[in-house]
Amino acid sequence: MSDRMKIFLLLLPAMFIIVVLFFGGLAIGAMRSFNYMPVIGLTQPNFDAYISVFTDREFYLSFALTFHIAFTSTVISSVLAIGAALLLRRSFIGRGLVNFLFQINLTVPHLVGAIGMLYLFSQSGSFARLAAEFNLIASPADFPALVFDPYAIGIILQYVWKEIPFIGVIVLANMQSIGEDYESVARSLGASKWQTFRYVLLPLIFPGVLSASVMVFAFTFGAYEIPAILGANFPAALPVLAYRKYTDVDLAARPEAIAMAIVIALLSAVMIYFYVRYSRRRIRG
Amino acid sequence: MATQESLGMRSFRVLTGAVLITWLILPLIPLAIWSFAKGWFYPDLLPRNWSMRAWEYAMSDTAGVLDSLWLTIWISLVATFLSILVGVPAGRALGMYKFRGKEIVELMILAPTIVPGIAVVLGIHSVFISMGLNNTVHGVILVHLIPTLPYMVLVMAGIFSNYDPAFEAQARSLGASPLKTFWYVTLPAIRPGIIVGGLFAFLVSWSQYILTLLIGGGRVETLPLLLFNFATSGRNDITGAIGMIYILPGIIILLLTAKHLSGRSGAVGGFGQI
């Protein structure tokens, strides 16, 4: 058997699944969003769904909110993750414990984190009770709205909680494979600690940080259950809005829902571009 | 470098370490307390009455929590098994060969790790309806392959890129059949990859919510769906108990794989999906 044949056969089952389920799902979705479904007699594709999506104020509010959630969560998590990785690089009392909790946290599903945040930050949650204990608030309503709030603070807190370890573990591994030689050289040439970090270490770890951040951004932009638990009703995050439209009793809203899903897919295609640019070396193993 | 550090710097580290530890375990604490609480009303910092009621409910045969647990385990196990079956050969092709179009194949396999499930699943849903796969366990297992398979392939590609096929050739020249060669030569060499990739695939499937909700149509009630329903209906005590049950496999898996795990492995990306 020739190598070409061998490679083809080895790849066939996996590619079949990915092409049929993943790309097939996307393609069927795209067709439905254009109201093109020959099977059920819709043979005239049109832009109706996109027109009603793009003329709906709620869509823009949702999009802006979702972008805010994804962007803010990603930036805060990345910065804190770099800090955490710098911390974990050195030995100190409790490092083993932090390391272990870091990894434990990686395995806890987002949904559990979201419920935990709800119990911590809601107006009758643990922090509100603590505030009441110290007479800072008179009733639950005095506690600032951190969940179901218009700024999505609860959602962002949950993502930051979950993504610091994710980005941190990747950055830490990056730092460990780079070693400390470059920094030692910079230090011996008179660079300050900050200069060493800013001009030596940061550029070295940046591709790793970026590829992890892209994954986080795409995930936080497209996740459903976290904003569904912690988010306000209006405007809702885009995936929540899409799901609501899809499951609306009015079946005519379905193409609109799918059009929103396609918008999410297009945005993640942009993310893939960045991911591939910065993470090629990691795939090659 | 560490020896030159001042006492101030060292205590700063311990302090930030302590803050980090607190932050990392904080959200799990109210869940754990709720599961043993019998009513826990504002503004009590701790429940006045403790009880095992939520746990008794979760463990009872009639509540459906255990059924849901077995169903979730079954779905994740089958999705993992299929991912291994399909992912190992693909990993071999990507890890051991250079070929035209390889970059495109890699990109296609990577794409599902970035594109959110909701973007894909709405299209799949309408196809599954016409195939009768919606609202079935089979349908749910199939869609779980979308997020699980890529990690299996990535991990195996990493393993096979450090793999020497000469051993296989030797076994064959000594008269071993292809099956025996695979069983006695290839499999032992790639086993660590299969274990780590498989555990990741299991966890990724274990944490799926929206794919299960849409394709299962609420009829395939896995643990995350049950957890979500209890959380949004205000049964905090039962939510706490189910939450604790739900995170257990991840912790067990972590304890099993800690020594294999490093941020350098392609598998760690899988954590981004959980």
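Being a predicted model, the structure only gives us computed values, none of them experimental.

## Overview of helix H6 (residues 117–131) of chain B
Each α-helix winds once per 3.6 residues, and so residues spaced three or four apart point in a common direction.
Residues and elements named next belong to chain B.
Right, so step 1: For H6, which comprises 15 residues, the first-to-last C-alpha distance of 20 Å matches the rise-based estimate of 21 Å (1.5 Å per residue) to within 8%.
Right, so step 2: Where H6 bends most, the angle comes to about 25°, and this point is Ile-124.
Right, so step 3: For H6, the set of buried residues is Gly-117, Ile-118, Ala-119, Val-120, Val-121, Leu-122, Gly-123, Ile-124, His-125 and Phe-128.
Right, so step 4: Positive backbone phi, approximately 70°, marks Gly-132, located one or two places after H6.

## What to know about the interface of chain A and chain B
Right, so step 1: Contact with chain A, which involves 87 residues of that partner, is made by 88 residues of chain B.
Right, so step 2: Ranked by residues supplied to the side of chain A that touches chain B, first place goes to helix H1 (residues 3–33) of chain A with 17 residues.
Right, so step 3: Of the residues in the side of chain A that touches chain B, the class split is 62 nonpolar, 16 polar and nine charged.

## Considerations on the environment of B:Ala93
Right, so step 1: Positionally, B:Ala93 belongs in helix H4 (residues 65–96).
Right, so step 2: Apart from residues no more than four positions distant in its own chain, B:Ala93 is found in contact with A:Ile7, A:Leu10 and A:Leu11.

## Observations concerning the environment of B:Gly272
Right, so step 1: With respect to the element layout, B:Gly272 can be found in the segment after helix H12 (236–257).
Right, so step 2: B:Gly272 sits in the buried class, given 23 other C-beta atoms within 10 Å.
Right, so step 3: Along the primary structure B:Gly272 and B:Ile33 are separated by 239 residues, whereas in three dimensions their C-alpha atoms are 27 Å apart.
Right, so step 4: With residues up to four places along the chain from it excluded, the contact list for B:Gly272 reads A:Phe166, A:Met215, A:Val216 and A:Phe219.

Parameters and conventions
What you see as residue numbers is a count from 1 along each chain, following the sequence as written. Each chain takes a letter, starting from A, and each ligand takes a number, starting from 1, following the order in which they are written. Only residues with pLDDT of 70 or above have their local features reported here, since the model is predicted, and side-chain atom pairs are shown and tallied only from 80 upward, although totals for entire chains, interfaces and linings are computed over all residues. In this description a helix means any DSSP run of H or I spanning at least four residues, a strand means any run of E spanning at least two, and both kinds are numbered starting from the N terminus. By definition here, a helix of n residues has an expected span of 1.5 Å times n minus one. The quantity called bend is, for any residue, the angle between two axes fitted respectively to the seven residues ending at it and the seven beginning at it. Here exposure depends only on C-beta density: within 10 Å of a residue's C-beta, 20 or more other C-beta atoms make it buried, 12 or fewer make it exposed, and intermediate numbers make it partly exposed, the C-beta atoms being placed from the backbone. Two residues qualify as being in contact provided that their C-beta atoms, derived from the backbone, are within 7 Å of each other. As a working rule, the residues Ala, Val, Leu, Ile, Met, Phe, Trp, Tyr, Cys and Pro are called nonpolar, Asp, Glu, Lys and Arg charged, and the rest polar, with Gly in that last group.

Don't take any of this as a statement about function, it's just geometry.
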